[in-house]
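# Summary of the model geometry
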Amino acid sequence: MNIILFGAPGAGKGTQANFLINEFGLIQISTGDMLRDSVKRKTKLGKQVENIMANGELVPDDIIFLLINERLKNKDIKNGFIFDGFPRNLKQAQKLDEIMNDMSMHLDFVFHIDVDEKILTSRIENRAKQEKVIRKDDTSAVLIERLKVYNRDTKPVLDHYFNQNILNVIDGMGTIDEVSSNISRLINKDLKVD
Ligand code: ADP
């Protein structure tokens, strides 16, 4: 089973990814984590993307495709995976269709964790206050930019998956457990039909 978790910054994708890992034995492919790792290790790629990320902009598609292609070579993806933070624009979504096709794989579910923008802002501000090591892109100024980028570049991707009939909108404003059980209910319903 292959899944895309979709949602604005602060919508809770990471939290729900952890749930899906434990519940269904999937692995997580987070482009954000991969990029942060490169920045931390001060690799050539990390140096290229550091400022872009700190400003809340999208990293160039070619860099993302390089990371994704490399990651999908690992056999551990065979039992199913969760994309978290990818695809983030239409070009990435189209590329992903090609990659999946070439690898004879398919996407089963896209879950859009839908959260009101005002709630997103306050969640991120709280997260920034609580964290000892604050993520450089978790300040309110950068968050506003990240939301803008999300609305402009990422949201249109939803139509792409709506047209493919695999889009599920999940109310992301309940408790963590409520959101998780809504997701697993949809998965289990589909598994039973198969
Ligand atoms: P979020 O908290 O919004 O889920 P992520 O951890 O997914 O953030 O991503 C952090 C930053 O990494 C983004 O703001 C962007 O600069 C970069 N990034 C992550 N994934 C992608 C992607 N698929 N395409 C372009 N940039 C990306």
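Every value quoted in this text rests on a predicted model; they were computed, and no experiment measured them.

## A word on the packing of aromatic side chains
Throughout the structure, instances matching the rule amount to four aromatic pairs. Consider the rings of phenylalanine 6 and tyrosine 150, whose centres lie 6.2 Å apart with planes at 55 degrees: the pair is tilted. Residue phenylalanine 6 is located in strand E1 (residues 3-6), and its partner tyrosine 150 is located in helix H7 (residues 140-154); the two are separated by 144 residues in the primary sequence. For phenylalanine 6, a relative accessible area of 3% translates into the label buried. Residue class for tyrosine 150 comes out buried when judged on its relative accessible area of 6%. Look at phenylalanine 109 and phenylalanine 111: their rings are 5.3 Å apart centre to centre, the planes differ by 10 degrees, and that puts the pair in the stacked class. Each member of the pair, phenylalanine 109 as well as phenylalanine 111, carries the same accessibility label: buried.

## A look at the nonpolar core
One broad rule of soluble globular proteins: the nonpolar side chains tend to lie buried together. Ranked by size, the top nonpolar core spans 54 residues in total, and within it Leu20, Ile29, Leu35, Phe81, Phe83 and Tyr161 carry the most contacts. In terms of residues, this core owes the most to one element, helix H4 (residues 61-72), which gives six residues. For phenylalanine 83, the residues in contact, after removing those within four places along its chain, are Ile3, Ile4, Leu5, Ile29, Ile68, Leu72 and Leu96.

## Considerations on the packing of helix H2 (residues 31-40) against H4
Interaxial distance between H2 and H4 falls to 11 Å at its minimum, and their mutual angle equals 100 degrees. Here H2 lies roughly perpendicular to H4, going by the angle between them. Packed against H2, whose contacting residues are Thr31, Met34 and Leu35, the element H4 presents Ile63, Ile64, Leu67, Ile68 and Arg71 at the interface. Of the residues in the contact of H2 with H4, the class split is six nonpolar, one polar and one charged.

Cut-offs used in this document
Residues numbered from 1 in each chain as written. Predicted model: local features only at pLDDT ≥ 70, side-chain atom pairs only at ≥ 80, totals over all residues. Heavy atoms only, no water. Phe/Tyr/Trp six-rings, centres within 6.5 Å; stacked < 30°, edge-to-face > 60°. Helix = DSSP H or I, 4+ residues; strand = E, 2+ residues; numbered from the N terminus. Buried < 20%, exposed > 50% of the residue type's maximum accessible area, 1.4 Å probe, protein only. Core = buried A, V, L, I, M, F, W, Y, C linked by side-chain atoms within 4.5 Å. Contact = heavy atoms within 4.5 Å. Axes fitted to C-alpha atoms, helices over the stretch in contact; angles between N-to-C directions. Parallel < 35°, antiparallel > 145°, perpendicular 65-115°, else oblique. Nonpolar A, V, L, I, M, F, W, Y, C, P; charged D, E, K, R; others polar.

All we've got here are geometric facts, nothing functional implied.
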